[in-house]
Structures are given as C-alpha cells and as structure tokens.
Amino acid sequence: MKIVQIDKNQWTSGIEKLNEGHRVFAPVKNKLFHDFKALEKDEKPDFDFKNTRLSPKSIVYPQSEILFRFSLDQKSDEYRILKENEKDQTPRAIIGIRPCDAYSFQLVKRNFDTPEYQDPYWLKAYQNSIFIAMACNEPCSTCFCTSAGTGPFDEKGLDALVVDAGDHYLAKVLTEKAEKLFEAAGWTSAAEKGAQSRIEELQSTAESRISTEIGTDKLKNQKMLDLYEAPFWEEIAFSCINCGTCTYVCPTCWCFDIQDETSGKSGVRIRNWDSCMYPLFSLHASGHNPRGSKVDRVRQRFMHKLKYYVDKYDKGIQCVGCGRCVQMCPVNIDIRRVCNMMNSYDPESCVCEVTSA
Amino acid sequence: MTAYTDKIKEAAKRLLEEGKVDVVIGFRKGSVPLMNQPHYAQSAGETQQFIWDSNCGINLANYLTNRKEKIGIVAKGCDSRNIVTHIVENKISRDQVHIIGVPCTGMVDRHKITEMVSGDIVEMTEDAETITVNTASGSQNFNKAEVLQQNCAACSHRNPVIYDELIADLLEEQTDVDMFESVREIEAMSAQEKWDYFEDLIAPCIRCYACRNACPLCYCPQCFVDESDPQWVGKSQDPMDIRTFHWLRAYHCAGRCTDCGACERVCPMGIKIREFTKKLNKDCYDLYGWEAGLTTEERPPLDTYRPNDPDEFIK
C-alpha cells in the first residue's frame, strides 16, 4: 500500500482524464440533493457532500434493468427467443463513494455471488468496478457505521481510500487496479512523511463524531422464533405506511421482481427493484398472502436484516449504518431503535425497551 | 403550539381511563429533528409520550382506516377534514371516533428547512413565532411563517371542522391567502411548457409510493398499480408508467383532497406532488364552490349530480 498526495486541481483534472477508458461515476449535485451517477460529458462532480440521497447501489444494480429482448412477430426468425440485452461493460470508476456504501457491496455480494449461484448481471457490473472511496470527515448525526461493521475510513472492499486533508487529498492506494487507475489519472506524487499519521488523526476525529450506535452482540444467540413472536412488532409497525422508501434508499436491500413487458411486437424481460413493504411482494398466485398485514411486512424487513442474515452468513448484520432510512422514513421508524430492541430482547422477562433511540 | 402537549396527554389519559375510547392516536417525539412519529396509546401510561409541535405534519386520519375499535384521535384542521371525508365515504362512522381538535398554526416544511440550513440539523426548537435550528456548528433562527409547509401558509381551515373536544381556543382563520397561486401560473403555460413542467417535477420519482400511502384518501383494498391480473401499469422506471401512476393517483383524489400536504411532506425525493392535486382542487372550487371535508351534510361533487352542473367539458 502506498499513500499519494493529490492537489485539488489535480484531482479534478484527473477525474476528467479517467473519462477515457472508464465510465466515471461520482456524486453530482442536482436541484435538491446529491445523486451518484455516471458523469455525462462536461458534467462536474461535487464532493462537497455528506452523502447521496439514494445509495450508489444502482451503479451495479439499477432500479430497472433489461435482461433480455424478444420478438412476438411470428414471421421473425427470433420469434419468442430471449436474446441477452447488450450492456456497456466499460470499466466503471466509482469515485467518491463513502466507505459505508462501498462496504455494502461486500454484504450484498454474499447474496448475488454464492458457491451455488452467481447472478451474472450484478457480478459482471461489480467486477467491472473500481471503488475509490472518499473518507467521511464529518459523519451525520444519523450515522452509526462504526457499530455496523464499518466506519468513516473503512477500507473493506475498496481499491483506494481518498482523504480530504484540507488543501489537498491524501489517498491510500490499496490494490493494483487502483494503482493503474491512479497512473491514468496522473495521481502519482508520493505523499510526504507523516501522511499516515495525518490520516489516522482525521480518522479518529471522524470516528469520535459518530454519535449513535447500535447493539448487535446478542442478535445471533437470540432464538429466531422468540424474536419473531416478540410483542414489540405491533408498536414498531404502527406508524409504517408501507411505502418503499426504506428499501429503495438502502444500499443493502437487494430484492427484485422480474417482469415481461411488451410493446407492439417486441418485448423485454426486465428486472426491477422490489420492496418487502409492498403487499404484492409476497402475494401468491393462489391469492393467499403469507405476509398479509403491515406488521408482518415490517417484521420481515428487520428480521431479514438483523436476524436471518446474521444467522445465514455469520458476518454481522445486513446494514452498514449509513442512516438513510433513519433520515428518510416519512414516519420515523428508526432502525437503530429496532435493532436495540431486538438485541436486548429477553423473552423470559419480556423486557422490551420502548423509548426513542 | 407546544403548550398543547400537556392538554393532549390529559385528554388522552382521561378518555382511556373513562373507557370512552379503546385507543388514542396522536404523535410522539421523533428520533430525528423535524420529524414526529404517529403514535398510539391504549393505556394511560402510553399517553405520556404524546407531543404537539410544528412537526406533526403527517395526516392522522390515515391511521383510522379499517380500525374496528373506538378511537380517540388528535386532529388539526386538515386531519379533521379527512375524518369528515372518511365519514362521507362510509369508511368510518362518526360514533367510532372521538376527535380531540387541535387549532393549528401550521407545520414546518422539513424539506425547505433542510435546504436552507447548511450542515446536519441536530435539533429544532420553537416558540410561537420562531423556529430555531441547531447544527454542529451553530444555530439559526427562522420566522415560522417563512418555513411553513406551503399548504399551511395558504391554509384557510386551521381549526378542526369537526371535534368532540378542543385542546385550545379556536384561531382566527386566515382570509387573505391564495391557495391556487401556483396553479394559475401553470394554467398560463403553453401545452408544451406544461408537459415539460410536470416531466421535470416527477423526474426524481423512485416509485416508493410514499405519497399514495401517506394519503388518507388512498384506502383502496388494492391500488391499480398493485394489480397483477390484469396488470394496468408496468413496474419499471419507464417514464410512461411513472406518469400513469401520478396522473391516476391525482385524479382519484379529485374533489376529495384536503391539501393536507402529507404527500409532499413524505416524498423522500422532495417532489412537489401537490402540483397535481391542487389543479383538481381549484377546478372543484371554481366549478362547484367545493372544498373537500368541510361538512358531513353534503355529497361531494363527483358522486352527485345537479341539473345546473357545468357541462362545458362534454362538448
């Protein structure tokens, strides 16, 4: 690993250079908020941001993705033949992603890349991506990454970590992929002595600014059915309106629905994000819905993230503590509070904390 | 308005203790600033979490739908109008609800304040006319009038229109407000400008349906966008499907919308959803002199017929 120093001007011009040979994804300010998107020609990224409104998961896993195209024209040779949709496989340089969001790809990978099954669409896009993260010097009041297995300077899953050191950037180049990319961008000046300790200093300041935490230590040993039948779900779910906000802003929610859509004599097979908050998500063809009430659906979301995932992979929770759902839930359902209630639940004494997070 | 908190707690406790209701629905303090949470109390102890301030923008009438027990509900002007609409549409009977009326001086626009303040908001406090927002680096004061939700600033029904008891004296209603200013601006546009305006408006939509789900009017057992047999609307980010959702949702609210602003408040992408429904509200007002949810004694214009109804549109 080496540390390079990048002047702020060099940073901007380097990103422009990367447009050659890469699709560059970076935070861009739109009218109201920051969006993580592919830079269009002459579009300028903006790194004066806390985090993007939506998570950058869509870079690898778009909200709607055409998988196949087909023809319904009986005269065509390709009548009813699914043809794979051509995708742009240019390497993706993901610049300025926050470490928590970058780590989310590692959590999601456990689902999309298993020894038995590999999701080719997700995996190809992921493998084509280089993650150049921007450390978080000033986390939000809703961040709880440090108790969710990651942190504002976390390097897991990164190719490089860039740190804003005031009038310049310091970057830890962690992989060969990143080394090549840094060369292409012209970011090659070795940092002066003391860069490592400067980064450590900024890291400890940032970590000390994380003001909330969750307890996850007891989740694994809780009995699944005890949590499932815990008395607090009704109370947690009361305010829920069953919208898809939490699942759509979440970097680790991965559920999808596959639909065929036709127009005239051609059609597409398309994969769309789905949400366990929607009644249709679990509706059976028979008409029966095993998660027919909103309480069932709210419980499912939290049980999946904080219990089923924990049990299945034994690698912690399916949450990186980015706090988007906390900020954006329209009715203030706070995963920090729910996680603490699940973690501290004692079915014997039925003590369940019901105060706010 | 924060002085209402104790009175709400008191009323809720009394109603539960006297057995007049089985549950009271109100708000409790949220875990993040500018955000209170709908809360229910079934025992006197649970009433102690109730709160009232300028962050109670969610429409609580939404939480009445399909409940079977006797309900006490905290209702500001718009909530009460949606309770009326629920009664008129036979979603609930008047006897099933005990309405704790709250004369309301308006809710603050969380999207607007977040935009106006640089930095992460960690706390909001208020007195009668001033909203104080604290960030890590300092605090900023706003005149409440300048940070109100747009629908609250132009509200002419701040008092509950129906109630069983009141938390405070009725307020003088605002009379010099213009509910339809932005509608007139859009009406003056050319067809192409209107198209572009609405395309731009819904461009950030992620189809989370928060607008629909926060709306007390949207109580269909199955929404048309959720039907799969037949499937009316595609599920992708295809712009036509997104438009279809917004247009049909708005039209389904024609003559029923109370402009409570819940749809706009809950939108995670900050879309000004009310631009759709306000035009329909204006048409109902101009054509029939109708504002939704003011009386249980009259049928809404779209489910009744009068020989003198305007009919220029059927030519």
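To keep things clear, this report deals only with the structure shown in the data block.

### Focus: the state of the cysteines
According to the stated counting rule, one finds zero disulfides over all chains in the structure shown. A disulfide-free cysteine, A:Cys100 has its sulfur positioned 5.6 Å from the sulfur of A:Cys322, the nearest such atom. Given the relative accessible area of 8%, A:Cys100 is considered buried. Left without a disulfide partner, B:Cys78 is nearest to the cysteine sulfur of B:Cys260, which lies 5.4 Å away.

### Here we look at the pattern of salt bridges
All names here are of chain B. Counted according to the given criterion, the structure contains 42 salt bridges over all chains. Arg274 is paired through a salt bridge with Asp259; the nearest N and O atoms lie 2.6 Å apart. Note that Arg274 is positioned in helix H10 (residues 274-288) and Asp259 in the loop between helix H8 (239-252) and helix H9 (262-266), a separation of 15 residues in sequence. Exposure class is identical for Arg274 and Asp259. Each is buried.

### Some words on the nonpolar core
Within the largest apolar cluster, 159 residues are counted, with the highest numbers of intra-cluster contacts made by A:Trp122, A:Trp233, A:Ile236, A:Phe302, A:Met342, B:Trp52 and B:Ile83. Both domain 1 (2-64 + 87-208) and domain 2 (224-256 + 276-343) of chain A contribute no fewer than three residues apiece to this core. Residues contacting A:Ile236, with those up to four places away along its chain left out, are A:Val298, A:Phe302, A:Ile333, A:Arg337, A:Val338 and A:Met341. One finds A:Trp11, A:Ile15, A:Phe49 and A:Phe182 within the second-largest nonpolar core, a separate group that totals 26 residues.

### Topic: the sheet that holds strand S5 (residues 121-126) of chain B
Residue and element names in this part refer to chain B. Pairing in this open sheet of three strands is antiparallel, and the strands run S5-S6-S7 from one edge to the other. Two strands bound the open sheet, and with one partner strand each, they are S5 and strand S7 (138-143). Ignoring which end each strand starts from, the neighbouring axes of this sheet average 20 degrees apart. Strand direction decides the pairing type here: strand S6 (residues 130-135) and S7, joined by six bridges, are antiparallel. Across the sheet, Thr135 pairs through a bridge with Gly138, a residue of S7.

### Some remarks on the packing of aromatic side chains
One pass over the full model with this rule turns up 26 aromatic pairs over all chains. Taking 5.5 Å as the distance between ring centres and 55 degrees as the angle between the ring planes, the aromatic pair formed by A:Tyr248 and A:Trp273 counts as tilted. Of this pair, A:Tyr248 sits in helix H8 (residues 245-249) while A:Trp273 sits in strand S11 (residues 266-273), and the two are 25 residues apart along the sequence. A:Trp273 matches A:Tyr248 in its accessibility class, with the two residues each being buried. Every member of this aromatic cluster is reached through a ring pair, and the members are A:Tyr61, A:Phe105, A:Phe112, A:Trp122, A:Tyr126, A:Phe131, A:Tyr248, A:Phe256, A:Trp273, A:Tyr278, B:Tyr209 and B:Phe245. For B:Lys91, the ring lying beneath its charged end belongs to B:Tyr219, and the centroid distance is 4.6 Å. Between the NZ or CZ atom of B:Arg212 and the centre of the ring of B:Tyr209, over which it lies, the distance is 4.3 Å.

### Overview of the interface of chain B and chain A
Interfaces are often described in size by the accessible area the parts lose on coming together. Residue-level contacts link 42 residues of chain B with 43 residues of chain A. Summed over both sides, the interface between chain B and chain A buries roughly 3,400 Å², with carbon and sulfur atoms accounting for 54% of that surface. Our count for the contact surface shared by chain B and chain A stands at two salt bridges. We note a salt bridge from B:Asp200 to A:Lys31, for which the minimum N-O separation is 2.8 Å. Applying the counting rule to chain B against chain A returns 19 residue pairs in polar contact (both at pLDDT 80 or more). Going through the elements one at a time, strand S1 (23-28), strand S2 (37-41), helix H3 (110-116), S5 and helix H7 (210-213) of chain B are the ones with two or more residues in the side of chain B that touches chain A. With four residues, S2(B) is the single largest residue contributor to the side of chain B that touches chain A. Of the residues in the side of chain B that touches chain A, the class split is 17 nonpolar, 14 polar and eleven charged.

How each quantity is defined
Residues numbered from 1 in each chain as written. Chains lettered and ligands numbered in written order. Predicted model: local features only at pLDDT ≥ 70, side-chain atom pairs only at ≥ 80, totals over all residues. Heavy atoms only, no water. Disulfide = S-S within 2.5 Å. Buried < 20%, exposed > 50% of the residue type's maximum accessible area, 1.4 Å probe, protein only. Salt bridge = Lys/Arg side-chain N within 4 Å of Asp/Glu carboxyl O. Helix = DSSP H or I, 4+ residues; strand = E, 2+ residues; numbered from the N terminus. Core = buried A, V, L, I, M, F, W, Y, C linked by side-chain atoms within 4.5 Å. Domains from an automatic or database assignment. Contact = heavy atoms within 4.5 Å. Pairing = 2+ DSSP bridges. Axes fitted to C-alpha atoms, helices over the stretch in contact; angles between N-to-C directions. Phe/Tyr/Trp six-rings, centres within 6.5 Å; stacked < 30°, edge-to-face > 60°. Lys NZ or Arg CZ within 6 Å of the ring centre and 35° of its normal. Buried area = accessible area lost by both parts, 1.4 Å probe. Polar contact = N/O pair within 3.5 Å; in protein donor to acceptor, adjacent residues only side chain to side chain. Nonpolar A, V, L, I, M, F, W, Y, C, P; charged D, E, K, R; others polar.

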